[in-house]
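A closer look at the structure
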Amino acid sequence: MDWRPNEEGIRWFLKEVWPLIHNEMPAVRLFLAGRKMPDDLMQMQSEGIVVVGEVSDAAYFIASKQINIVPLLAGSGIRVKIIEAMSLGKTVVTTTVGAAGIDYTDGKDLLIADTPQQFVEQVRRCIDEPDLCSSIGANARRLVLDKYSNEALTQRLVGFYNKLGAAAL
């Protein structure tokens, strides 16, 4: 959580999105986890929010939640935690920025939300339509296995090297 885009994104989510979600769906709980959680967030006491901080096993923690929220507003590169959650068959709700670099289809492999109201709508969909949520998680897992697993990446790398070798001949 000491990476600036992560901190900015979660602070935006807590200020702009969480009150709307909590107002409409008071039974929903938000679990905040991450290494080097800022002290003010660790000390935060807010209804419906559980601040966990660093967890000993990220995969276990991610697997224990069906919906993973990744409210990134800035940054670049593939978000490893999004790929990890997808590989575990979890539904990820993220921004267009958060999903950058991932070959996804919105509504099939993950859910995109760029505004507070879109986050509320996507979380509500996940809660109201558990079959949709399960389907997105299954599609996400399949996508990661097909495109981002070690085997898939190795095959693409070997193919690339073969092309280079053929071009050199």
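This text goes with the structure placed above it.
Let me begin by describing the structure that accompanies this report. Just so we're clear, the structure is a prediction, and the values are computed from it rather than from any experiment.

This next bit is on the overall build of the chain. In terms of regular secondary structure, the chain is built from eight helices and five strands. Listed by position from the N terminus, the elements making up the chain come as α-β-α-β-α-β-α-β-α-β-α-α-α. With the principal axes as the frame, the chain shows a C-alpha extent of 65 × 35 × 30 Å. Relative to its full complement of 169 residues, the chain shows a buried share of 38%. In the chain, the share of contacts with a sequence separation of at least 24, taken over all contacts with a separation of at least 6, comes to 56%. Accessible surface, the chain as shown: approximately 9,700 Å² in total, 53% of it carbon and sulfur. Distance between charge centroids for the chain: 5 Å, based on 18 positive and 21 negative side chains.

We now examine a nonpolar patch on the surface. A contiguous nonpolar patch, built from Leu157, Phe160, Tyr161 and Leu164 and spanning about 420 Å² of accessible area, is present on the exposed surface. Relative to the elements of secondary structure, Tyr161 occurs in helix H8 (residues 150-168).

On to the side chain of Asp109. Residue placement: Asp109 occurs in the loop between helix H5 (96-99) and strand E5 (111-112). No salt bridge is formed by the buried Asp109; its nearest oppositely charged neighbour, Lys108, is found at 4.7 Å. One polar contact links the side chain of Asp109 to the main-chain amide nitrogen of Thr105, over a distance of 2.8 Å. Not counting residues up to four positions away in its chain, the partners in contact with Asp109 are Met86, Tyr104, Ile136, Asn139, Ala140 and Leu143.

Attention now moves to the pairing of strand E1 (residues 30-33). Alternating residues of E1 divide into Leu30 and Leu32, all buried, and Phe31 and Ala33, none buried. Pairing geometry for E1 and strand E2 (residues 49-53), over four bridges, is parallel. Paired with Phe31 across the strands is Val50, a residue of E2.

Let us look at the layout of surface pockets. Taken as a whole, the largest pocket holds about 1,200 Å³ of empty space. Lining the largest pocket are 40 residues, and of these Ala33, Asn68, Ile69, Val70 and Lys81 lie nearest its centre. For the lining of the largest pocket, the secondary-structure elements that each account for two or more residues are helix H1 (4-24), E1, helix H3 (58-63), strand E3 (67-70) and helix H4 (80-87). Residue contributions to the lining of the largest pocket peak at six residues, all from H1. The class makeup of the residues in the lining of the largest pocket is 27 nonpolar, six polar and seven charged.

What counts and how
- Residues numbered from 1 in each chain as written.
- Predicted model: local features only at pLDDT ≥ 70, side-chain atom pairs only at ≥ 80, totals over all residues.
- Heavy atoms only, no water.
- Helix = DSSP H or I, 4+ residues; strand = E, 2+ residues; numbered from the N terminus.
- Buried < 20%, exposed > 50% of the residue type's maximum accessible area, 1.4 Å probe, protein only.
- Contact = heavy atoms within 4.5 Å.
- Areas by Shrake-Rupley, 256 points an atom, 1.4 Å probe, with all protein chains shown as cover.
- Lys, Arg positive; Asp, Glu negative; His and termini not counted.
- Charge placed at Lys NZ, Arg CZ, Asp CG, Glu CD.
- Patch = residues over 30% accessible without salt bridge, like charges linked within 9 Å, V, L, I, M, F, W, Y side chains within 5 Å.
- Salt bridge = Lys/Arg side-chain N within 4 Å of Asp/Glu carboxyl O.
- Polar contact = N/O pair within 3.5 Å; in protein donor to acceptor, adjacent residues only side chain to side chain.
- Pairing = 2+ DSSP bridges.
- 1 Å grid on protein atoms, 1.4 Å probe; cavity = no way out; pocket = protein on both sides within 12 Å on 5 of 7 lines; lining within 4 Å.
- Points joined across faces, edges and corners; volume = space filled by probe spheres on them.
- Nonpolar A, V, L, I, M, F, W, Y, C, P; charged D, E, K, R; others polar.

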